[in-house]
Amino acid sequence: IEVSYSEVGVALCQRKYTLDILSDASLSDCKPCDSPMDPLVKLDNEKGELLHDPEKYRRLVGKLNYLTITRPDISFAVSVVSQFMSAPRTTHWQAVLHIVRYLKGAPGRGLIFRDRGHLHIAGYSDPDCLEVTGYSDADWAGCPVDRRSTSGYCIFLGGNLVSWKSKKQSVVSRSSAEAEYRAMANVTGELQWIHMLLTEIGFSVTRPSTLHFDNKSAMHIASNSVFHERTKHIEVDCHYVREKVNCGELKLVHPRSEEQLADIFTKPL
């Protein structure tokens, strides 16, 4: 990981590592793509022929997984191609090469951590200024193979991105509200862990974490003290999130669609 300092802030990137990936894939001189994944392509286990050398696929996907440390923009695409490691096909290989061609457009892109001013992390002496904000989303039944949903979230500390994830859920959700609520429970756990970490290193966080969530049904479940028949199967998640809301550790906010930053972790954009 390459680290650079400037008046703007601290920047992290993996430019040399990205260029090595392009070289290993023989795509150093390729034409770059505009997005990490074609939104019209739905990968499954049947289309395309099995690769003669699956180890080549696994090595390249493994390198891309390591690259997501500083490239959250490829997290969803890499998560998708990682699901076919056991028996990769030609269609999966083309999707991986599409990600690599996307990297060609900006090999030095990465993370930057800025001093955002008195409302955020600059207030070391004022715990009320320490702000943790999360965005959560889910793509209901988005996987064509098993119809499981994909959860995605990103968390900002002092206005800087510090945590993110794109992952397929472990069970099939019977409604979009259920899928979204499982995603909400996942990011709530991550927000709680960040609070505990900050406390352990000497930062007392008094503000509740703010979670931006664009599913009104799931938000209603979080604030409604009565369990209905349709929520019994996610009762543990409901209790967990509701406890954090009721004790003032979590504040739910419904953003506009264009302000939902977690979309990039649940679908190709």
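Placed above this text is the structure.
The structure contained in this document is the topic of the report that follows. (Residues numbered from 1 in each chain as written. Predicted model: local features only at pLDDT ≥ 70, side-chain atom pairs only at ≥ 80, totals over all residues. Heavy atoms only, no water.)

1. Structural notes on unusual backbone geometry
Part 1: Residues other than glycine seldom take positive phi values, yet Ser26 does so here, at roughly 60 degrees.
Part 2: Here Ser26 is to be found in the loop between α1 (15–24) and α2 (54–67).
Part 3: Look at Ala141: it is not a glycine, yet its phi comes out positive at around 50 degrees.
Part 4: Along the chain, Ala141 falls in the loop between β4 (132–139) and β5 (150–157). (Helix = DSSP H or I, 4+ residues; strand = E, 2+ residues; numbered from the N terminus.)

2. Remarks on the pattern of salt bridges
Part 1: Across all of its chains, the model carries 15 salt bridges by this definition.
Part 2: Taking the shortest distance from any N to any O, the salt bridge between Lys267 and Asp263 comes out at 3.3 Å.
Part 3: Here the salt bridges do not stand alone but share partners, grouping Arg71, Asp73 and Arg109 into one network. (Salt bridge = Lys/Arg side-chain N within 4 Å of Asp/Glu carboxyl O.)

3. So, the sheet that holds β4
Part 1: The five strands lie next to each other as β6-β5-β4-β7-β8, forming an open sheet whose pairing is mixed. Sheet topology places β6 (160–168) and β8 (250–253) at the edges, where each strand pairs with a single neighbour. Averaged over all neighbouring strand pairs, the angle between strand axes comes to 20 degrees, with direction disregarded.
Part 2: Taken together, the eight bridges between β4 and β5 define a ladder with antiparallel strand orientation. Looking at β5, one finds that Gly134 is bridged to Ile155. (Pairing = 2+ DSSP bridges. Axes fitted to C-alpha atoms, helices over the stretch in contact; angles between N-to-C directions.)

4. Observations regarding the side chain of Thr18
Part 1: For Thr18, the location among the structural elements is in helix α1.
Part 2: In this structure Thr18 touches Leu67, Leu103 and Pro107, once residues within four positions along its chain are discounted. (Contact = heavy atoms within 4.5 Å.)

5. Description of the nonpolar core
Soluble, globular proteins show a tendency: their nonpolar side chains are buried together.
Part 1: Counting 29 residues, the largest nonpolar core has Tyr57, Leu60, Leu64, Val81 and Val100 as the members making the most contacts within it.
Part 2: Of all the secondary structure elements, the ones that give two or more residues to this core are α1, α2, α3 (75–81) and α4 (90–104).
Part 3: When residues of this core are assigned to their parent elements, the largest contribution, eight residues, is made by α4.
Part 4: The residues contacting Leu60, other than those within four sequence positions of it, are Ile21, Ala25, Trp93, Val96, Leu97 and Val100. (Core = buried A, V, L, I, M, F, W, Y, C linked by side-chain atoms within 4.5 Å. Buried < 20%, exposed > 50% of the residue type's maximum accessible area, 1.4 Å probe, protein only.)

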